[in-house]
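Chain by chain, the residues run as shown.
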Amino acid sequence: MGNKKLVIEKLTKSDITDILNMYKKRVIYNIDHGIKQWTLDEVTLEEFAKTYTLDDYYVGKCNSKIVCGMFIVDVDKLYWPNARKGEALYLHKIVVDPDHSGKGYGGLLIEYFKEKGRSEGYSEVRLDVKEYKEKLRSMYEEHGFQLVEIKQIFTEYKTALYRYKFK
């Protein structure tokens, strides 16, 4: 599984360039491998700022190098429009640098997300994924997330909504 000495922390301003470069690298990798995910236009600071703040971002570092990241927010009106603010935590834009794929970092981000939700007193954590992203969906299910529903939010694909309820 590779080196799992991953430190997850809040983004600092000095991390921004590395984060944006990691997303661009992931988009180019995905395009080169026929994986439909984001476009380069969707992984800019301006695009992220339409929905998130820099305070919502968490980076994963291995040996002080950024290898993965994600947004965690407490409201999601697009995918969960009927949920109240503070009802759950939501995971968005999870990414692992392609040079570090297969080392378990995605799973460590997911476990961090779940533990953050549990420790902050939420009854559940939630996420969304494009329905056709079977590999990601399997990873989420392996980490205990249960499918809530698949619905058409965007015309070009359906979205699978997942949640993990704490006992």
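(A) Spotlight on the state of the cysteines. Following the criterion strictly, the structure yields zero disulfides and no others. As a non-bridged cysteine, C62 has C68 as the owner of its nearest cysteine sulfur, 8.9 Å distant.

(B) Summary view of the packing of aromatic side chains. Enumeration over the complete set of coordinates arrives at 16 aromatic pairs. Ring centres of Y23 and Y57 lie 6.3 Å apart, and the angle between their planes is 65 degrees; this geometry places the pair in the edge-to-face category. Taken together, the positions of Y23 in helix α1 (residues 16-32) and Y57 in strand β2 (residues 57-62) put the pair 34 residues apart, joining distant regions of the chain. A single burial state applies to Y23 and to Y57, both of which are buried. Three or more aromatic residues joined by ring pairs make a cluster, and in this case those are Y23, W38, F48, Y52, Y57 and F71. The ring of Y164 is capped by K114, whose NZ or CZ atom sits 4.1 Å from the centre of that ring. Lying over the aromatic face of W80, R126 brings its terminal NZ or CZ to 4.7 Å of the ring centre.

(C) Quick peek at the side chain of N30. Along the chain, the position of N30 falls in helix α1. If near-sequence neighbours (up to four positions away) are discounted, N30 is found in contact with I35 and Q37.

(D) Structural detail: the nonpolar core. Core analysis: the largest hydrophobic core is formed by 26 residues, its most contacted members being M70, F113, Y140 and F145. Every residue in contact with M70, bar those within four places of it in the chain, is listed here: I8, Y23, D56, Y57, Y58, L91, H92, K93, I94, L109, Y112 and F113. Listed in part, the 24 residues of the second largest apolar core include L20, Y52, V73 and V95.

(E) Unusual backbone geometry, seen in detail. Located in the positive-phi region is N63, a residue other than glycine, with phi close to 55 degrees. When you line up the elements, N63 lands in the loop between β2 and β3 (65-73). Since its relative accessible area comes to 66%, N63 is described here as exposed. Although it is not a glycine, K93 sits at a positive phi angle of roughly 55 degrees.

(F) Region of the structure containing the environment of E141. Tracing the chain through its elements places E141 in helix α4 (residues 134-142). C-alpha of E141 to C-alpha of Y162: the two residues are 21 residues apart in sequence and 8.6 Å apart in space.

(G) The arrangement of helix α3 (residues 105-119) in detail. Under the 1.5 Å per step criterion, the end-to-end length of α3 is 21 Å for 15 residues, consistent within 8% with the ideal 21 Å. Every buried residue belonging to α3 is among Y105, G106, G107, L109, I110, F113, K114, K116 and G117, and all of these are buried. Count one or two residues on from α3 and you reach G121, which has phi positive near 85 degrees.

(H) Structural detail: the pairing of β2. Counting buried positions along β2 gives six out of six residues, so the element sits mostly inside the fold. Alternating residues of β2 divide into Y57, V59 and K61 and Y58, G60 and C62, and every residue in both groups is buried. Hairpin connection, β2 to β3: the antiparallel pair is bridged by two residues, and N63 has positive phi, about 55 degrees.

About the cut-offs
- Residues numbered from 1 in each chain as written.
- Predicted model: local features only at pLDDT ≥ 70, side-chain atom pairs only at ≥ 80, totals over all residues.
- Heavy atoms only, no water.
- Disulfide = S-S within 2.5 Å.
- Phe/Tyr/Trp six-rings, centres within 6.5 Å; stacked < 30°, edge-to-face > 60°.
- Helix = DSSP H or I, 4+ residues; strand = E, 2+ residues; numbered from the N terminus.
- Buried < 20%, exposed > 50% of the residue type's maximum accessible area, 1.4 Å probe, protein only.
- Lys NZ or Arg CZ within 6 Å of the ring centre and 35° of its normal.
- Contact = heavy atoms within 4.5 Å.
- Core = buried A, V, L, I, M, F, W, Y, C linked by side-chain atoms within 4.5 Å.
- Expected span 1.5 Å × (residues − 1).
- Pairing = 2+ DSSP bridges.

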